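A structural walkthrough
Each chain is listed here by its residues.
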Amino acid sequence: TLQLERLAPHRPQIHLGIHGAGHQAPLRVLSSTRCSRAKDNDAWMPRPAGDRALEEGDYVHVEVDLRGLHLPFGTLSVAINAEPAEVIFDDIPLRRDSVNIPVVALGGDQARVRLCPAH
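Residues numbered from 1 in each chain as written. Predicted model: local features only at pLDDT ≥ 70, side-chain atom pairs only at ≥ 80, totals over all residues. Heavy atoms only, no water.

Brief notes about unusual backbone geometry
The condition is simple: Helix and strand assignments follow DSSP, with helices taken as H or I runs no shorter than four residues and strands as E runs no shorter than two, numbered in order from the N terminus. The rule is simple: take the accessible area with a 1.4 Å probe, protein chains only, and divide by the maximum for that residue type; under 20% is buried, over 50% is exposed, in between is partly exposed.
The residue after Ala25, namely Pro26, is reached through a cis peptide bond having omega 5°. Mapping Pro26 onto the fold places it in the loop between β2 (14–20) and β3 (28–31). Unusually for a residue other than glycine, Asn81 sits at a positive phi of about 55°. Position of Asn81 relative to the elements: it lies in the loop between β6 (73–80) and β7 (86–93). Overall, Asn81 belongs to the partly exposed group, its relative accessible area being 29%.

Quick notes on a nonpolar patch on the surface
Condition: For patch detection, residues must exceed 30% relative accessible area and be free of salt bridges, and they are connected within 9 Å for like charges or within 5 Å for nonpolar side chains (Val, Leu, Ile, Met, Phe, Trp, Tyr). Reported accessibility uses the Shrake-Rupley method at a 1.4 Å probe radius. Residues are deemed covered only where the shown protein chains occlude them. Counted as salt bridges are all cases of a side-chain nitrogen of Lys or Arg within 4 Å of a carboxyl oxygen of Asp or Glu.
Together, Val62, Val64, Leu66 and Leu94 give the surface a local cluster of nonpolar side chains, amounting to about 260 Å² of exposed area. Tracing the backbone through its elements, the reader meets Val62 in strand β5 (residues 59–65). The exposure class assigned to Val62 is partly exposed, which follows from its relative accessible area of 36%.

Quick look at the environment of Arg37
Defined as follows: Distance and chemistry together define a polar contact, namely a pair of N or O atoms within 3.5 Å, with one atom able to donate a hydrogen and the other to accept it when in protein, and with adjacent residues in sequence counting only for side-chain atoms on both sides.
Position of Arg37 among the secondary structure elements: in strand β4 (residues 37–39). Placed 10 residues apart in sequence, Arg37 and Arg47 show a C-alpha to C-alpha distance of 7.1 Å. Polar side-chain contacts of Arg37 include one of 3.1 Å to the backbone oxygen of Cys35.

What follows is the structure, given as structure tokens:
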């Protein structure tokens, strides 16, 4: 769980997700400004339920499930505040030789995110 403590006034974008080792594929990223998403080198895709901007003070619960229990792929889900979780990606490749690294990329000066204990 992350809390968005401060968004930069001029570049408020924050990207949340995973990257492979060396910032290589698989890349799965969610944008804070619209909850749009991008993977690997594909174009940004809109959120199916419409735009949803994350705001200062929001809690973002991120879950990456790489067990492949129900799919041949891993999933990345996000819940904002007390809202239900939403599957953002259900196509994360599962390979024994791959490394997935959590990523929080802050877009502008003075942005701050706090890592919170899991609930």
